[in-house]
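The chain contents come next:
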Amino acid sequence: MQPIQDPEKLKEIARLLRIDCLKMLHQAGCGHTGGPLGMMDLMVALYFYAMRHDPKNPHWEDRDRFILANGHTCPALYVVLAYAGYFPKEELQHLRQLGSPLQGHPKRKVEWGIEMSTGSLGQGMSIGNGLAMAARLDARDFITYSFHSDGEAQEGMLWEAAMTAGYRGLDNRIGILDDNGIQIDGYNKDIKDVSPLKEKFEAFGWLTRSIDGNDMEAIMAALDWARLREGKPKMILAKTILGKGVSIFENLPKYHGVAPNDEELAIALKELGGL
Amino acid sequence: MSEKIATRDAYGRALVELGKKRQDVVVLDADLSCSTKTIHFAKAYPERFFNMGVAEQDMMGTAAGFALAGKTVFASSFAMFATGRAFEIVRNSIAYPKLNVKICASHAGLTVGEDGASHQTVEDIAIMRAIPNMSVIVPADGVETAKVIESIADYPGPVYVRLSRAASPILFPQDHLFQLGRSQVLREGKALAIVACGLMLSYAMEAAELLKQQGIEVSVLNMASIKPLDEKTLKEVADYCGGKVMTVEEHSIMGGLGSAVAEVLAEYGAYQVHRVGVRDEFGQSGKASDLLEHYQLTPHHLVKQAQSLI
Ligand SMILES: Cc1ncc(C[n+]2csc(CCOP(=O)(O)OP(=O)(O)O)c2C)c(N)n1
């Protein structure tokens with residue numbers, strides 16, 4: 001796909017996909033709302049600006065790989081993949097239904113752009129490392145991206161993997177960590193504070209950059225930086241607002257894991273200009 | 001019985017052979033390569049060997065990533081940690097997406113010996129067998145191990161191979177054929193069907209010989225492929241033996257070979273399945289041979305158990 005260079009266009013796509021995302025979740029009647037809305041700007045920049053991929057050729061060997069380690073936020077991935085043309089948009093209405101490839105948490109289906117099954121937090125970074133190590137072994141130049149979250153950073157395995165990537169200097173490896181400060185039971189700082197993430201990743205051998213993960217220009221700049229090969233893996237620490245774009249959801253732990261009801265959907269669509 | 005070799009040693013050699021033939025083979029270990037014998041591959045093909053450090057979960061996740069990139073991946077550690085510590089990664093990131101990862105784990109069962117119960121898994125077959133998409137193989141000797149490795153390299157999916165630390169006699173000729181889901185009848189006799197896997201196969205054969213000296217002829221079935229299970233041959237042999245079956249394994253009688261056999265035969269009707277194995281208890285330190293004696297798994301114990309059934 002040709003990258004979209006204009007941040008205004010990307011912002012508009014993010015707005016439209018937030019709407020798709022909410023409609024899909026409302027239709028499903030359950031699922032995670034807050035995370036996907038908060039990370040939508042990052043996802044849009046990844047798929048329509050930074051990543052090398054081709055929806056018409058999903059098995060392309062040299063495509064960049066994307067692993068959604070925080071699989072519960074898959075509504076954001078699904079709307080992005082549908083918009084990119086991996087599968088018909090109508091499929092979104094079958095989210096979480098019996099027989100639908102759009103499972104409650106991602107199930108691998110490369111033809112639809114879903115690179116890997118995820119959902120159990122903490123595993124995606126290792127998986128991304130394996131892909132990156134294989135690329136290095138075969139002298140292929142694709143980049144492996146993995147998407148993480150602050151709650152996920154409480155999982156020990158993520159740090160095993162961070163150590164691997166740092167130790168091996170995997171500079172074909174980019175992590176994005178959605179740091180919205182919220183997890184299921186509440187605020188991360190009240191449960192088990194994962195900060196300081198920057199220092200932790202740097203100590204594990206990563207280069208890091210901290211950004212506002214809802215600022216499209218900042219995201220694009222960070223992705224430009226991340227794609228430079230500088231001998232180390234790169235981690236973009238993105239501060240985001242859970243539920244971004246809909247005032248009644250923003251920063252409320254409650255909306256981590258529930259779908260909008262009729263009334264909430266109406267308010268949300270109005271705010272996002274979706275009516 | 002002349003030559004003895006541990007199945008882990010046979011694995012180490014087989015990997016080197018495979019690595020020679022197949023460029024797509026990569027091997028991962030978690031700081032136990034000298035014990036799992038992946039060290040031989042590491043020396044032969046250092047660029048295709050990855051020591052992941054003492055991090056079994058990371059190793060399994062990384063193995064999944066390699067498989068996504070099209071590699072045929074072998075991941076090794078002790079059976080305890082490969083199936084225990086890393087269980088959920090194996091389940092969710094390897095078996096669920098049906099990735100081409102072969103988990104070849106050594107030091108299974110009691111014959112780990114002196115290290116004791118923390119390292120003696122007697123539940124790994126049960127755990128791995130319960131995972132959809134996962135095949136489970138317990139080779140009986142060095143020859144069979146080599147055949148297993150050759151065979152599963154051509155099968156594109158997740159497989160668990162249970163290997164042993166202790167040396168065991170070579171039972172099979174070099175032209176032995178291993179196929180996933182196929183068993184072999186090694187002896188025929190109508191008194192009882194002994195179904196065994198792994199190290200216990202040689203003991204089962206010895207027990208059969210001792211029984212013969214008493215005029216009792218039993219059948220012995222090698223059930224290396226525990227999943228998929230060769231239901232057809234199992235049923236035929238069980239029928240031939242009047243429905244009397246004894247399973248023998250170096251594993252808990254809950255969830256392993258004995259369970260697999262009993263589950264199948266129970267669906268067909270009137271069979272008597274007696275499970276010999278570890279009876280819902282942990283292992284302990286000791287010499288491998290002393291442990292097998294203590295847990296009543298040696299040939300003369302098997303003879304006694306068989307006699308009680310006949
Ligand atoms: C290994 C594992 N444990 C628990 C869960 C259940 N779970 C799903 S999301 C979540 C909170 C994760 O926090 P974060 O990813 O920061 O959430 P968000 O930013 O989407 O609010 C938990 C505990 C899981 N999916 N995986």
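Analysis parameters
- Residues numbered from 1 in each chain as written.
- Chains lettered and ligands numbered in written order.
- Predicted model: local features only at pLDDT ≥ 70, side-chain atom pairs only at ≥ 80, totals over all residues.
- Heavy atoms only, no water.
- Near = heavy atom within 4 Å.
- Polar contact = N/O pair within 3.5 Å; in protein donor to acceptor, adjacent residues only side chain to side chain.
- Domains from an automatic or database assignment.
- Contact = heavy atoms within 4.5 Å.
- Buried area = accessible area lost by both parts, 1.4 Å probe.
- pLDDT = per-residue confidence, 0-100.
- Buried < 20%, exposed > 50% of the residue type's maximum accessible area, 1.4 Å probe, protein only.
- Helix = DSSP H or I, 4+ residues; strand = E, 2+ residues; numbered from the N terminus.
- Disulfide = S-S within 2.5 Å.
- Salt bridge = Lys/Arg side-chain N within 4 Å of Asp/Glu carboxyl O.
- Pairing = 2+ DSSP bridges.
- Axes fitted to C-alpha atoms, helices over the stretch in contact; angles between N-to-C directions.
- Parallel < 35°, antiparallel > 145°, perpendicular 65-115°, else oblique.
- Left-handed = near helix turned anticlockwise from the far one by under 90°.
- Nonpolar A, V, L, I, M, F, W, Y, C, P; charged D, E, K, R; others polar.
- 1 Å grid on protein atoms, 1.4 Å probe; cavity = no way out; pocket = protein on both sides within 12 Å on 5 of 7 lines; lining within 4 Å.
- Points joined across faces, edges and corners; volume = space filled by probe spheres on them.

Draft legend 1. Representation of the site of the ligand. Residues and elements named next belong to chain A. His72, Ser149, Gly151, Asn180 and His256 are the nearest of the 15 residues found near the ligand. The separation between a nitrogen atom of the ligand and a polar main-chain atom of Gly119 is 2.9 Å. Here an oxygen atom of the ligand and a side-chain polar atom of Asn180 are 2.7 Å apart.

Draft legend 2. Here's a closer look at the domain arrangement of chain B. All names here are of chain B. Per the domain assignment, the segments of chain B are domain 1 (4-169) and domain 2 (184-309). Summarising the inter-unit geometry, the C-alpha centres of domain 1 and domain 2 are found 25 Å apart. Taken together, the 32 residues of domain 1 in the interface contact 36 residues of domain 2. Here domain 1 meets domain 2 over a buried area of about 2400 Å², counting both sides, of which 58% is carbon and sulfur.

Draft legend 3. Spotlight on the confidence of the model for chain B. Per-residue pLDDT for chain B averages 97, and the proportion of residues at 70 or more is 99%. With pTM at 0.97, the complex prediction returns an ipTM value of 0.95.

Draft legend 4. Representation of helix α3 (residues 74-84) of chain A within the structure. Residue and element names in this part refer to chain A. Among the 11 residues that make up α3, 10 are buried, leaving the element largely enclosed by the rest of the structure. Burial in α3 covers these residues: Cys74, Pro75, Ala76, Leu77, Tyr78, Val79, Val80, Leu81, Ala82 and Ala84. Close packing links the buried residues of α3 with α1 (7-28), α2 (34-50) and β1 (65-68). Downstream of α3 by a residue or two, Gly85 has a phi angle that is positive, lying close to 100°.

Draft legend 5. Seen up close, unusual backbone geometry. That bond from A:Ser195 to A:Pro196 is cis: its omega, 0°, falls within 30 degrees of zero. Topologically, A:Pro196 is positioned in the loop between α6 (188-191) and α7 (197-203). Going from B:Lys227 to B:Pro228, the amide bond is cis rather than trans, its omega being 0°. With respect to the element layout, B:Pro228 can be found in the loop between β12 (225-227) and α10 (231-240). Phi is positive for B:His107, close to 60°, though the residue is something other than glycine. Among the structural elements, B:His107 can be located in the loop between β5 (101-105) and α7 (124-129). The exposure class assigned to B:His107 is buried, which follows from its relative accessible area of 4%. Positioned with a positive phi, B:Gln296 is a non-glycine residue whose angle comes to about 60°. Relative to the elements of secondary structure, B:Gln296 occurs in the loop between α12 (288-294) and α13 (299-309). For B:Gln296, a relative accessible area of 42% translates into the label partly exposed.

Draft legend 6. A look at the state of the cysteines. Counting across every chain of the model gives 0 disulfides over all chains. Left unpaired, A:Cys30 is separated from the closest cysteine sulfur, that of A:Cys74, by 11 Å. Note on A:Cys30: relative accessible area 34%, which makes it partly exposed. In this model B:Cys197 remains outside any disulfide bridge; the closest cysteine sulfur is found in B:Cys104, 16 Å from its own.

Draft legend 7. Looking closely at the interface of chain B and chain A. The partner chain A presents 24 residues to the 25 residues of chain B that form the contact. Between chain B and chain A the total buried area reaches about 2000 Å² when both faces are included, carbon and sulfur atoms providing 60% of it. Between B:Lys71 and A:Asp138 there is a salt bridge, with the nearest N and O atoms lying 2.7 Å from each other. Here chain B and chain A share 9 residue pairs in polar contact (both at pLDDT 80 or more) between them. Tallying contributions element by element places helix α4 (residues 56-68) of chain B first for the side of chain B that touches chain A, with 9 residues.

Draft legend 8. Structural context of the sheet that holds strand β11 (residues 219-222) of chain B. All names here are of chain B. Judged by pairing direction, the sheet is mixed, and its 5 strands sit side by side in the order β9-β11-β10-β13-β14 without closing on themselves. With partners counted over all chains shown, the strands left at the sheet margins are β9 (184-187) and β14 (272-278), one partner each. Across the sheet, the mean angle from the axis of one strand to that of its neighbour is 25°, orientation sign disregarded. Note that strand β10 (residues 193-196) and β11 share 4 bridges and pair parallel. Bridge pairing links Ala196 to Asn222 in β11. Lying on the sheet, helix α11 (residues 257-268) is in contact with β10, β13 (244-252) and β14; it crosses β13 at an angle near 145°. Against the sheet, α13 touches β13 and β14, its axis set at about 150° to β13.

Draft legend 9. A look at the packing of helix α4 (residues 124-137) of chain A against α4(B). Two numbers describe how α4(A) lies on α4(B): the axes approach to 6 Å, and their chain directions differ by 50°. Put simply, α4(A) runs oblique to α4(B). Judged by the sense of rotation from one axis to the other, the crossing of α4(A) with α4(B) is right-handed. Where α4(A) approaches α4(B), its residues A:Ser126, A:Ile127, A:Asn129, A:Gly130, A:Leu131, A:Met133 and A:Ala134 are matched on the opposing element by B:Asp58, B:Gly61, B:Thr62, B:Ala64, B:Gly65, B:Phe66 and B:Leu68. Of the residues belonging to the contact of α4(A) with α4(B), the class tally is 7 nonpolar, 6 polar and 1 charged.

Draft legend 10. Local environment of the layout of surface pockets. The calculated volume of the largest pocket comes to roughly 350 Å³. Surrounding the largest pocket, 16 residues form its lining, B:Ala10, B:Gly142, B:Val143, B:Ala146 and B:Gln174 being those nearest its centre. For the lining of the largest pocket, the secondary-structure elements that each account for two or more residues are α1 (7-21) and α8 (142-153) of chain B. When grouped by side-chain class, the residues that make up the lining of the largest pocket number 8 nonpolar, 2 polar and 6 charged. Estimates place the volume of the second largest pocket at around 260 Å³. As for the second largest pocket, its lining consists of 16 residues, of which A:Glu61, A:Arg65, B:Leu68, B:Ala69 and B:Gly70 are closest to the centre. Those elements that place two or more of their residues in the lining of the second largest pocket are α4 of chain A together with α4 of chain B. Residues of the lining of the second largest pocket, tallied by class, amount to 7 nonpolar, 2 polar and 7 charged.

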